[in-house]
Amino acid sequence: MPEFSTLSHLECSRTGEVLDADTVQGTSASGAPLLARYDLDRARTLVTPADIAARPPDLWRYHEVLPVRDPAHVVTMGEGMTPLLPLPRAGARLGLPGLRMKDEGLVPTGAFKARGAAVGVSRAAELGVRAVAMPTNGNAGAAWACYAARAGLGALIAMPVDAPEITRREVVVSGGELYLVDGLIGDAGRLVADAVARRNSAGAGYQDTSTLREPYRIEGKKTMGYEIVEQLGWRCPDVILYPTGGGVGIIAIHKALAEMRELGWISGPLPRLVAVQATGCAPIVDAFEAGLRESTAPADPHTVAFGITVPRALGDFLVLDAVYDTGGTAVAVSDDELLAAEHALARDEGTWICPEGAACVAAAGRLRESGWLDGSETVVVLNTGSGLIYPDTVTADAPVLATDGRIP
Ligand SMILES: *Cc1c(COP(=O)(O)O)cnc(C)c1O
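Residues numbered from 1 in each chain as written. Predicted model: local features only at pLDDT ≥ 70, side-chain atom pairs only at ≥ 80, totals over all residues. Heavy atoms only, no water.

**Here we look at the overall build of the protein**
Convention followed: Under the scheme used here, helices are H or I runs from DSSP no shorter than 4 residues and strands are E runs no shorter than 2 residues, and both carry numbers assigned from the N terminus. Based on C-alpha atoms, the radius of gyration is set beside the globule rule, defined as 2.2 Å times the residue count to the power 0.38. Relative accessibility thresholds used throughout: buried, under 20% of the residue-type maximum; exposed, over 50%; partly exposed, between the two (1.4 Å probe, protein chains only). The Shrake-Rupley method, run with a 1.4 Å probe, gives the accessible areas here. Residue values count only the displayed protein chains as cover. For the purpose of counting charges, residues Lys and Arg are taken to be positive, whereas Asp and Glu are taken to be negative. His and the chain ends are not included. A charge is said to be at NZ when it belongs to Lys, at CZ for Arg, at CG for Asp and at CD for Glu.
For the protein, the helix and strand inventory stands at 13 helices and 13 strands. Compactness check: the protein gives a C-alpha radius of gyration of 21 Å against a globular reference of 22 Å for 408 residues, within 12% of the reference. Overall, the C-alpha framework of the protein stretches about 65 × 50 × 45 Å when taken along its three principal axes. Put simply, the protein has 408 residues, and 58% of those count as buried. In the structure as shown, the protein presents an accessible area of about 15,900 Å², 53% of it carried by carbon and sulfur atoms. In the protein, 35 side chains carry a positive charge and 50 a negative one; their mean positions are 2 Å apart.

Take a look at the structure:
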């Protein structure tokens, strides 16, 4: 059987320290995220973009550069190969005729977190983990609980009481053990870490799969970068805007671009990567504007774009690297602006996106106005989830008619 994965080792994202990829790992000795490394010279001989085009339309089409070694361990619900939609009306309105949207509202569980969960859960199961545990702002917990169920693993999930209601139900319906925490994601993280330590000392086999505290969620999310490039005919867009919370997606897209360049699948300058946040919680934007390489948690973080309410990301320095390295930028938009963008996009294009994705649409308009974006550029906004997860962002008052009433 040909090699399914060319995974070679894990590497500390700060020091380059090398770790074994075939045991369960968390962070490096210095507490930094671990990055999966592949034998890309070998991968180049195993697969070409043309081979990939003939494969089924899910993220496993890039399996040589994913960490699962045995195809029997792939846990899938068909995630990936989401549409890269042209947005002709919205683009015309914003002065960006080349505007496109990578629409992750169409993956299982309704948010792109399914990508990280599919790959992370598959690899955890392959390495003998019996249950996953994580704090979440909602969508990641929902996705990991669903994929854990499909893999036959347990799932312990803790989320802020303010997290989107529907994500609680997704955890519960798929048999996850759910706790609501009267605080923020960081508070939930401390409670989960404590429970995992106690349960594992009794031999329970949990893995703490908190954001960037396990190496394979990035690998799932990086497939968004591979897909965007594949869907543009193996060409890079000029700019990608990404709603940045923990930053896994933007770190992952940056990693995918670097891998594709090393594979020889793309050439020329990389797309400028834009980290988009909400003004109520914009640590990365603050750091970027100050020219710093690490962020500071804002006081009282809050935004309706709940998935990007992350005051202090473990991988903040990697997000800022991605922005600096590609000549990108970082932009914060207010809740009013992003909600207006959510409504306007649905009217223009019929697609109801999540507030996090809408932040990117608002930011694209802002960057066009400032002249940072050129009207001739191919600009991709990432919509990370479906508007259906956030029903409260739209009010739908309508006249109630008696059965003998009259519609004008
Ligand atoms: C988690 C989440 C984000 C932020 O993702 P990161 O990759 O952690 O920055 C954005 N949008 C939605 C809908 C999310 O659930």
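Read on for the rest.
**Re the site of the ligand**
Filter applied, for reference: Put simply, a residue is near a molecule or strand once any heavy atom of it comes within 4 Å of that molecule or strand. Polar contact criterion, stated in full: a pair of N or O atoms within 3.5 Å, where within protein one must be able to donate a hydrogen and the other to accept it, and residues adjacent in sequence count only if both atoms are side-chain atoms. Only Asp, Glu, Lys and Arg are considered charged in this grouping, and only Ala, Val, Leu, Ile, Met, Phe, Trp, Tyr, Cys and Pro are considered nonpolar; every other residue, Gly among them, is considered polar.
Of all residues adjacent to the ligand, which total 18 residues, the nearest are Lys 113, Tyr 242, Gly 245, Gly 247 and Thr 384. In this structure, an oxygen atom belonging to the ligand sits 3.3 Å away from a side-chain N or O atom of Lys 221. A distance of 2.5 Å separates an oxygen atom of the ligand from a polar atom in the side chain of Tyr 242. Secondary-structure elements contributing two or more residues to the shell around the ligand are strand E10 (239-243) and helix H9 (248-263). A class-by-class count of the residues in the shell around the ligand yields 7 nonpolar, 8 polar and 3 charged.

**What to know about the packing of aromatic side chains**
What counts here: Only the six-membered ring of Trp is used, alongside the rings of Phe and Tyr, when aromatic pairs are assigned; centres must lie within 6.5 Å, and planes under 30 degrees apart are stacked while those over 60 apart are edge-to-face, with the rest tilted. Throughout this description, the term charge over a ring refers to an Arg CZ or Lys NZ atom that lies within 6 Å of the ring centre and within 35 degrees of the ring normal.
Per the counting criterion, the structure on display carries 5 aromatic pairs. An angle of 80° between the planes, with centres 5.4 Å apart, marks the rings of Trp 234 and Trp 265 as edge-to-face. Of this pair, Trp 234 sits in the loop between helix H8 (217-231) and E10 while Trp 265 sits in the loop between H9 and strand E11 (272-278), placing them 31 residues apart in sequence. Taken together, the aromatic side chains of Tyr 62, Tyr 226, Trp 234 and Trp 265 make up a single cluster linked through ring pairs. Across from the ring centre of Phe 317, 4.0 Å away, lies the NZ or CZ of Arg 14, which sits over that ring. Here Arg 272 stacks its cationic end above the ring of Trp 372, 4.4 Å away from the centre of that ring.

**Some words on the sheet that holds strand E5 (residues 99-103)**
Let me state the cut-off plainly: The pairing criterion is simple: DSSP has to find at least two bridges between the two strands. Throughout, an axis means a line fitted to C-alpha atoms (over the contacting stretch in the case of helices), and angles, computed between N-to-C directions, take values from 0 to 180 degrees. A contact between two residues is defined here by any heavy atoms of the two lying within 4.5 Å.
In spatial order, the strands read E4-E5-E13-E10-E11-E12; together these 6 strands make up an open sheet with mixed pairing. Among the strands making up the open sheet, the edge pair consists of strand E4 (84-86) and strand E12 (329-333). For this sheet the average axis-to-axis angle between neighbouring strands, irrespective of direction, equals 25°. Across 3 bridges, the pairing between E4 and E5 is antiparallel. Directly across from Leu 84, in E5, lies its bridge partner Lys 102. Docked against the sheet, H8 engages E4, E5, E10 and strand E13 (379-383), running at close to 135° with respect to E5.

**Examining the sheet that holds strand E2 (residues 18-19)**
Across the sheet, which stays open at both edges, the 3 strands sit in the order E2-E1-E3 with antiparallel pairing between neighbours. Every other strand in the sheet has two partners, leaving E2 and strand E3 (34-38) as the edge strands with one partner each. Pairing of strand E1 (residues 7-12) with E2, which is carried by 2 bridges, proceeds in the antiparallel orientation. Among the inter-strand pairings, Leu 10 is bridged to a residue of E2, identified as Leu 19.

**So, the pairing of E12**
Burial runs high along E12: 5 of the 5 residues are buried. Going residue by residue along E12, you find Thr 329, Val 331 and Val 333 tucked away on one face and Ala 330 and Ala 332 tucked away on the opposite face as well. Inspection of the sheet shows E11 paired to E12 by 5 bridges, in the parallel sense. Note that in E12 the partner of Gln 277 across the bridge is Ala 332.

**Quick look at a nonpolar patch on the surface**
To be explicit about the condition: Note that patches include only residues with greater than 30% relative accessible area and no salt bridge, and the join distances are 9 Å for like charges and 5 Å for nonpolar side chains (Val, Leu, Ile, Met, Phe, Trp, Tyr). Take a side-chain nitrogen of Lys or Arg and a carboxyl oxygen of Asp or Glu: if they are within 4 Å of each other, that pair is a salt bridge.
A grouping of Trp 352, Leu 388 and Val 394 is seen on the molecular surface, where their side chains present a nonpolar patch of about 270 Å² in accessible area. Looking at where Trp 352 falls in the secondary structure, it is placed in the loop between helix H12 (335-349) and helix H13 (355-369).

**With respect to helix H6 (residues 165-173)**
How we decide: In this description, the arc belongs to the directions extending from the helix axis to the C-beta atoms.
Within H6, burial applies to Thr 167, Glu 170 and Val 171. The arc that holds the buried residues of H6, viewed along the axis, is 95°, so those residues lie on one side. Within H6, the exposed residues directed more than 90 degrees away from the buried face are Arg 169, Val 172 and Val 173. Buried residues belonging to H6 abut helix H5 (139-151), strand E7 (154-160) and strand E8 (177-181). Just downstream of H6 lies Gly 175, where phi reads positive at about 85°.

**So, the UniProt feature "domain: Tryptophan synthase beta chain-like PALP" (unreviewed entry) in the protein**
Heads up, the condition is: UniProt positions are given in the numbering used here, feature names are shortened, and annotations may be inferred rather than shown by experiment.
The sites that carry the UniProt feature "domain: Tryptophan synthase beta chain-like PALP" (unreviewed entry) are, in the present numbering, residues 75-385. Counting secondary structure, residues 75-385 comes out at 44% helix and 16% strand; the distance between its end C-alpha atoms is 21 Å.

**With respect to the environment of Tyr 216**
Note that Tyr 216 resides in the loop between strand E9 (206-208) and H8. Judged by its relative accessible area of 4%, Tyr 216 falls in the buried class. Taking the C-alpha atoms as reference, Tyr 216 lies 9.5 Å from Ala 118; in sequence the two are 98 residues apart. Not counting residues within four places of it along the chain, the set of residues in contact with Tyr 216 comprises Leu 7, Leu 10, Ala 21, Ala 36, Pro 67, Val 119, Gly 120, Arg 123 and Leu 127.

**What to know about H12**
Our working rule: Helix span is expected to be 1.5 Å times the residue number reduced by one.
The end-to-end C-alpha distance of H12 is 21 Å, a good match for the 21 Å that 15 residues give at a rise of 1.5 Å each. Taken together, the buried positions of H12 are Asp 335, Leu 338, Ala 341, Glu 342, Ala 344, Leu 345 and Asp 348. Those residues of H12 that are buried lie in contact with helix H3 (88-94), E5, E11, E12 and H13. Count one or two residues on from H12 and you reach Gly 350, which has phi positive near 75°.

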